Amino acid sequence: STLDLHGYKSKPAQHALHEFLLWCVAQGKRCVRIIHGKGRGAHDAAPVLKSIVNHWLREQPQVLAFCSAPPDDGGTGAVYVLLKRIA
């Protein structure tokens, strides 16, 4: 499953991420992709969602690990997330 956060503002993105992760865990999904983008639309500013998604994922108890996706799957504009199994 994939969540694409392109075009989201911070608060709606945080809510969408949280709901997506809860849904994925409930569905028994273990590895998902989150596309946050590379921040190229920010006109020389640092990518906002890329940094904040990293922070949010660290706070989610259902997340075991995450890493940048390979180039064919979004590269540094996306992350793979490994989720805990429901006991």
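This section reports on the structure supplied with the text. Because the structure is a prediction, the values reported are computed rather than measured.

1. Observations regarding the sheet that holds strand 4 (residues 78-83)
If you walk across this open sheet you meet the 4 strands as 1-2-4-3, and the pairing is mixed. The sheet is open, and its two borders are formed by strand 1 (2-4) and strand 3 (63-68), each paired with just one other strand. Put simply, the sheet's adjacent strands are angled 20° from each other on average, direction ignored. Inspection of the sheet shows strand 2 (residues 31-35) paired to strand 4 by 5 bridges, in the antiparallel sense. Bridging across to strand 4, Cys 31 finds its partner in Leu 82. Here helix 1 (residues 10-26) sits on the sheet and contacts strand 1, strand 2, strand 3 and strand 4; the angle it forms with strand 2, its principal contact strand, is near 165°. Helix-sheet contacts for helix 2 (residues 48-59) involve strand 2, strand 3 and strand 4, and the interaxial angle to strand 3 is about 160°.

Quick notes on the rules
- Residues numbered from 1 in each chain as written.
- Predicted model: local features only at pLDDT ≥ 70, side-chain atom pairs only at ≥ 80, totals over all residues.
- Heavy atoms only, no water.
- Pairing = 2+ DSSP bridges.
- Helix = DSSP H or I, 4+ residues; strand = E, 2+ residues; numbered from the N terminus.
- Axes fitted to C-alpha atoms, helices over the stretch in contact; angles between N-to-C directions.
- Contact = heavy atoms within 4.5 Å.

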